[in-house]
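Topology and contacts: notes
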Amino acid sequence: ILRGSEARPHLKPYMASLQLDGQHVCGGFLIAPQWVLSAAHCIEETHGKLFQVLLGAHSLTEPEPHKRLYQVHAQFPHPGSNIHNNKDDLLLLQLEEKAELNADVRVLPFQREDRDVAADTVCEVAGWGTTDHSGSRPDRLQQVERPVISRDVCNHRTRHDGTITRNMMCTDSRRKDTCKGDSGGPLVCGGVAEGVVTAGSRVCGNYKKPAIYTRIAPYAAWIDGVMASADA
Ligand SMILES: CC(C)CC(=O)Nc1cccc(-c2cccc(CN)c2)c1
């Protein structure tokens, strides 16, 4: 998160850190006791290894009352996701067991009604992604508020030039923005997860490249189907 601020500890109890060998790689969030939603791009550099999922955390390193690292039983990237574009950039992770829910570990509802969030709506996004252009990585969860921009503005030829589909949405990226390591985290508008951070043009803090999110509502049936079908 570029030019955000430290989140109030444990006030975003749905946040997950997807880790490999103890290193934060991507964000994610708890959508059910045994399920975390993230971005498919995050598995690009895992070389077949499974993530571990840290829940209940504010600091990535300090001991905290309800912090716990969960093993992943299975990972389900959306079948339409691929490395060449941002389409269907969603990843479902089934935890090895139901997360113990408490004050610091809670499920975040996601939007099921497939209707665009109005432009200028101020939403918030959080993550342990890089906080500056030299790639500094924070120990504690950061957050930032960003206004939604319309798909037409986001698709302007000087911005994302027609690549933003109806399954995506954008927020203004002037100065304050998401960045490397924030992928997979939720865009929360009015207390509901409307989108999942995608890397997009992998540029941060440049107003010419608005932040892109995969809208969740169009994928509600896929999410429900995977959760229902996967063996417990
Ligand atoms: C395996 C993946 C973690 C690789 C990856 O994502 N790299 C990468 C590099 C630079 C910027 C970003 C990035 C992320 C989220 C939002 C944005 C744009 N605001 C950029 C992402």
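Above this text you will find the structure in question.
Described in the following lines is the structure provided in the data block. (Residues numbered from 1 in each chain as written. Predicted model: local features only at pLDDT ≥ 70, side-chain atom pairs only at ≥ 80, totals over all residues. Heavy atoms only, no water.)

We describe a pair of aromatic rings using the distance from one ring centre to the other and the angle between the two ring planes. Enumeration according to the criterion identifies 1 aromatic pair in this entry. Seen in terms of ring centroids, Trp35 and Phe76 are 5.7 Å apart; in terms of plane orientation they differ by 40°. Their pairing is tilted. Of the two residues, Trp35 sits in strand S4 (residues 35–38) while Phe76 sits in strand S6 (residues 68–77), which places them 41 residues apart along the sequence. By relative accessible area, which is 24% here, Phe76 ends up partly exposed. (Phe/Tyr/Trp six-rings, centres within 6.5 Å; stacked < 30°, edge-to-face > 60°. Helix = DSSP H or I, 4+ residues; strand = E, 2+ residues; numbered from the N terminus. Buried < 20%, exposed > 50% of the residue type's maximum accessible area, 1.4 Å probe, protein only.)

Moving on to the pattern of salt bridges. It is possible for side chains bearing opposite charge to pair when their charged atoms get close. Inspection of every chain in the model, using the stated rule, returns 14 salt bridges. Here Asp114 makes a salt bridge to Arg215, at a shortest N to O gap of 2.8 Å. Pair noted here: Asp114 is in the loop between strand S7 (91–95) and strand S8 (122–127) and Arg215 is in strand S13 (residues 211–215), with a separation of 101 residues, a long-range link. As a salt-bridge pair, Arg146 and Asp172 come within 2.6 Å of each other at their nearest N and O atoms. Placement of Arg146 in strand S9 (residues 142–149) and of Asp172 in the loop between strand S10 (168–171) and strand S11 (186–189) is noted, with a sequence separation of 26 residues between them. One salt-bridge network, held together by shared partners, links Asp114, Asp116, Arg151, Arg166 and Arg215. (Salt bridge = Lys/Arg side-chain N within 4 Å of Asp/Glu carboxyl O.)

Time to look at the site of the ligand. Within the structure, the ligand sits among 13 residues, and Asp177, Thr178, Cys179, Arg202 and Val203 are positioned closest to it. Within the side chain of Asp177, one N or O atom sits 3.0 Å away from a nitrogen atom of the ligand. Between the ligand and the protein, one listed contact pairs a nitrogen atom with a backbone N or O atom of Val203 at 3.3 Å. Taken by itself the ligand offers 510 Å² of open surface, and the protein chains cover 92% of this. Its residues assigned to classes, the shell around the ligand shows 5 nonpolar, 4 polar and 4 charged. (Near = heavy atom within 4 Å. Polar contact = N/O pair within 3.5 Å; in protein donor to acceptor, adjacent residues only side chain to side chain. Areas by Shrake-Rupley, 256 points an atom, 1.4 Å probe, with all protein chains shown as cover. Nonpolar A, V, L, I, M, F, W, Y, C, P; charged D, E, K, R; others polar.)

This part is about the pairing of strand S5 (residues 52–55). Sheet analysis places strand S2 (residues 15–20) next to S5, joined by 4 bridges and oriented antiparallel. For Ser17, the partnering residue across the bridge sits in S5 and is Leu54. In this sheet, S6 lies alongside S5 in antiparallel orientation, the contact comprising 4 bridges. By the bridge assignment, Val53 is partnered in S6 with Tyr70. (Pairing = 2+ DSSP bridges.)

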